[in-house]
Amino acid sequence: MSRQGTIKRYTLIIERINRGLYPTLKEIETYLFDHGFEISKRTLQRNIEQIRDEFGIEIIYDQEKKGYFIDKESSIQFNSFLRFLEIANTAELITESIKDSKKTLEYISFDNDGTLKGISNLKILLQAIKEQKVVTFTHYNFDQGNYKERKLYPYLLKEYLNRWYVIGLQEKDNTNFRTFGIDRISNITLTTEVFVRNQELHPQSLFSSIIGVIYPEENIQEVVLKFTPFQGKYIKTLPLHHSQEILIDNDKELTIRLWIKINYELKQRLLMLIDQVEVLKPIALRDEMKQVLTKTLNNYN
């Protein structure tokens, strides 16, 4: 079967198990059959093992409940895997539709042309991460407005708001990760220098407590935000962060709590919704938003 077919099958397996209720192997098999996949029980078991081995998703059989469940705490890449499946299945849907009709692209509007800048670097960077090889490149710094030659021991690729970033170390024995936007990378070279990845470092964990890609050194804080009822509908369907907890939800407001590090991207998200949100906690963030609003208002005087 094609790789696209395999990915679709993986998606259906995850969908059925993720519903809960500890489905049996037969129930998962039936779910696949209902969606056009007729496979043997042995093939299904092999698929479950492949999902576990290739992607680190812990699909476990519960002897007491006689069914399968996903141990999300042990599956540290679970959300990334779901995102991967979403992207892969969307791409397959569009590809198959284009095969059926060349007019398909007339009915689809993508975000903008800029999102593809630097996308050719993804393949080299992914290869470098998998093979644990050093890369060198030229990077443009927005803050300083200059170009610098960089040498990087790459660990991770991250996507945020349709932009891709590579995270790695600039010194082999360092533990401070640096983040580089691939749209600002040029003259990239995959070197022959091999490095041993530090197994005690987990860059994925850096992003669990933030929005975006900028991770400050400060501690995680309680952030309480009050939204208008209208904006609250969007916040409920597309949470700002996985820690999001609803405190108040009525016809006057939606108030949520986040446990998060306060960074540039969080402030940018709040400013994008500035007339729809009020920062209640912490006081320092609330005061900073007031200062920004005052300065903005002065710009229009």
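Quick caveat, the model's predicted, so the values are computed rather than measured.

Caption draft 1: Fine view of the confidence of the model for the protein chain. Here the protein chain averages 87 in pLDDT, while 94% of its residues score no lower than 70. Within the protein chain, no element has a lower average pLDDT than helix 4 (residues 78–100), which sits at 75, and none a higher one than strand 8 (residues 221–227), at 97.

Caption draft 2: Geometry of helix 5 (residues 121–131). Here helix 5 has its buried residues at Asn-121, Leu-122, Leu-125, Ala-128 and Ile-129. Taken end-on, helix 5 shows its buried residues confined to a sector of 130°, consistent with a single buried face. Along helix 5, exposed side chains directed more than 90 degrees from the buried face belong to Lys-123 and Lys-130. On the buried face of helix 5, the contacting elements are strand 3 (133–141), strand 4 (146–160), strand 5 (163–169) and strand 7 (185–194). Downstream of helix 5 by one or two residues, Gln-132 has phi in the positive range, about 55°.

Caption draft 3: Structural context of unusual backbone geometry. A cis amide bond, omega -10°, links Lys-281 with the succeeding residue Pro-282. With respect to the secondary-structure elements, Pro-282 resides in the loop between strand 11 (277–281) and helix 9 (283–299). In this model, Lys-66 sits at a positive phi of 55°, which is unusual for a non-glycine residue. Tracing the backbone shows Lys-66 in the loop between strand 1 (59–62) and strand 2 (67–70).

Caption draft 4: Expanded view of the packing of helix 2 (residues 25–34) against helix 3 (residues 41–55). Contact geometry of helix 2 with helix 3 gives a least axis separation of 10 Å together with a crossing angle of 95°. In terms of orientation, helix 2 and helix 3 fall into the roughly perpendicular class. Residues Leu-25, Ile-28, Glu-29 and Leu-32 of helix 2 touch helix 3, and the partners they reach there are Lys-41, Leu-44, Gln-45 and Ile-48. When the residues that make up the contact of helix 2 with helix 3 are grouped by side-chain class, the tally is 5 nonpolar, 1 polar and 2 charged.

Caption draft 5: A look at the side chain of Gln-244. Checked against the element boundaries, Gln-244 lands in the loop between helix 7 (229–237) and strand 9 (245–249). For Gln-244, a relative accessible area of 17% translates into the label buried. Here Ile-235 takes part through its backbone oxygen, which lies 3.1 Å from a polar atom of the side chain of Gln-244.

Caption draft 6: The arrangement of the sheet that holds strand 11 in detail. Ordered by their spatial adjacency, 4 strands build an open sheet running 9-10-8-11, and the pairing between neighbours is antiparallel. What marks the edges here is a single partner per strand, and that holds for strand 9 and strand 11. Between one strand and the next, the sheet's axes are offset by a mean angle of 25°, whatever the strand orientation. In this sheet, strand 10 (residues 254–260) lies alongside strand 8 in antiparallel orientation, the contact comprising 7 bridges. What sits directly across from Lys-226, in strand 10, is Thr-255. Running over the sheet, helix 9 touches strand 8 and strand 11 and is turned about 145° from strand 11.

Caption draft 7: Representation of helix 8 (residues 264–272) within the structure. Along helix 8, the positions that sit buried rather than exposed are Glu-265, Leu-266 and Leu-270. All buried residues of helix 8 lie within an arc of 140° about the axis, which places them on one face of the element. Those residues of helix 8 hidden inside the fold are in contact with strand 4, strand 8, strand 10, strand 11 and helix 9.

Caption draft 8: Local environment of the packing of aromatic side chains. Going through the model one piece at a time under the given rule, you end up with 12 aromatic pairs. Between Tyr-10 and Phe-55, the ring centres sit 6.1 Å apart and the planes meet at 80°, which makes this aromatic pair edge-to-face. Residue Tyr-10 is located in helix 1 (residues 3–18), and its partner Phe-55 is located in helix 3; the two are separated by 45 residues in the primary sequence. For Tyr-10, a relative accessible area of 1% translates into the label buried.

Reading guide: rules and limits
Residues numbered from 1 in each chain as written. Predicted model: local features only at pLDDT ≥ 70, side-chain atom pairs only at ≥ 80, totals over all residues. Heavy atoms only, no water. pLDDT = per-residue confidence, 0-100. Helix = DSSP H or I, 4+ residues; strand = E, 2+ residues; numbered from the N terminus. Buried < 20%, exposed > 50% of the residue type's maximum accessible area, 1.4 Å probe, protein only. Arc of directions from axis to C-beta. Contact = heavy atoms within 4.5 Å. Axes fitted to C-alpha atoms, helices over the stretch in contact; angles between N-to-C directions. Parallel < 35°, antiparallel > 145°, perpendicular 65-115°, else oblique. Nonpolar A, V, L, I, M, F, W, Y, C, P; charged D, E, K, R; others polar. Polar contact = N/O pair within 3.5 Å; in protein donor to acceptor, adjacent residues only side chain to side chain. Pairing = 2+ DSSP bridges. Phe/Tyr/Trp six-rings, centres within 6.5 Å; stacked < 30°, edge-to-face > 60°.

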